[in-house]
Amino acid sequence: MPTDCTRIGWRVEVPDVIGNPFQEIESELSVFQTFRMAHIWARVFGGSRIWMVVKEGGDVRLSEPLDPAKVTKVFNLVVLTPDEYSPIIYNSNPEDRNYRRPELYNLSPQVGGPGQPVHHSRLLSFSGAALT
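Note that the structure is a prediction, hence the values are computed from the model and not measured.

Draft legend 1. A look at the overall build of the protein. Scanning the protein for helices and strands turns up three helices and six strands. The buried share among the 132 residues of the protein stands at 27%. A total of about 9200 Å² of accessible surface is found on the protein, and carbon and sulfur atoms cover 54% of it.

Draft legend 2. Spotlight on the packing of aromatic side chains. The full count for this structure, using the stated rule, is three aromatic pairs. Geometrically, the ring pair formed by F35 and F126 is edge-to-face, given 5.6 Å between the ring centres and 75° between the ring planes. Taken as a pair, F35 in helix α3 (residues 31-45) and F126 in strand β6 (residues 123-127) lie far apart in primary sequence, 91 residues in all. On the basis of relative accessibility, which here comes to 16%, the residue F126 falls in the buried class.

Draft legend 3. View of α3. Here α3 spans 21 Å end to end across 15 residues, near enough to the 21 Å set by a 1.5 Å rise per residue. Three or more residues of α3 are buried, namely F32, T34, R36, A38, H39 and A42. Immediately beyond the C-terminal end of α3, within one or two residues, lies G46, with a positive phi of roughly 90°.

Draft legend 4. Up close: the sheet that holds strand β2 (residues 71-80). The strand order across the open sheet formed by three strands is β2-β1-β6, and the pairing between neighbours is antiparallel. Looking at which strands have only one partner, the edges of the open sheet turn out to be β2 and β6. When the angles between neighbouring strand axes are averaged without regard to direction, this sheet yields 20°. Pairing between strand β1 (residues 47-56) and β6: five bridges, direction antiparallel. Following the sheet pairing, R49 is matched in β6 by S125.

Draft legend 5. Summary view of the nonpolar core. Counting residues in each nonpolar core, the largest one holds nine residues, listed as L29, A38, A42, I50, M52, V54, L66, L77 and F126. Elements with a contribution of two residues or more to this core: α3 and β1. Per element, the largest residue contribution to this core is three residues, and it comes from β1. Ignoring sequence-local partners within four residues, the contact set of I50 consists of T34, F35, A38, L77, V78, V79, R122, L123, L124 and F126. Judged by nonpolar contacts, the second largest core, of seven residues, contains W51, Y85, Y105 and L107.

Draft legend 6. Molecular detail of the pattern of salt bridges. Evaluation of the coordinates by the stated rule reveals two salt bridges. The shortest N-O distance in the salt bridge between E28 and K73 comes to 3.1 Å. Highlighted residues: E28 in helix α2 (residues 23-29) and K73 in strand β2, separated in sequence by 45 residues. Note that E56 is salt-bridged to R122, the shortest N-O span being 2.7 Å.

Procedures and definitions
- Residues numbered from 1 in each chain as written.
- Predicted model: local features only at pLDDT ≥ 70, side-chain atom pairs only at ≥ 80, totals over all residues.
- Heavy atoms only, no water.
- Helix = DSSP H or I, 4+ residues; strand = E, 2+ residues; numbered from the N terminus.
- Buried < 20%, exposed > 50% of the residue type's maximum accessible area, 1.4 Å probe, protein only.
- Areas by Shrake-Rupley, 256 points an atom, 1.4 Å probe, with all protein chains shown as cover.
- Phe/Tyr/Trp six-rings, centres within 6.5 Å; stacked < 30°, edge-to-face > 60°.
- Expected span 1.5 Å × (residues − 1).
- Pairing = 2+ DSSP bridges.
- Axes fitted to C-alpha atoms, helices over the stretch in contact; angles between N-to-C directions.
- Core = buried A, V, L, I, M, F, W, Y, C linked by side-chain atoms within 4.5 Å.
- Contact = heavy atoms within 4.5 Å.
- Salt bridge = Lys/Arg side-chain N within 4 Å of Asp/Glu carboxyl O.

Shown next as structure tokens:
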């Protein structure tokens, strides 16, 4: 299923743009392959995340919410398996639509090094079947 979902064969037409407007970023970031791997790991491990590593204007910390209007470049899309991220702070505001969901995750990619807090808005979530 992940392979079928990320198969190349569709295109986006944008007025006044000749060719595929996503071709450059696809070849640079391997978007289809990244989403395919995240979907595969979600099916294997019950979930996965893609960490969007971006450049933003101003002094912004990873623990702060992502503001798409400030993003000037996407450097990388990093697929994470459940053992590489863990919730550290949950939303405790019952009036918020993200109530009881993680606000901050501690990311510890398997490449080593200490973990770092990252706001949930910087991660794309992929869910899979609940594992026993």
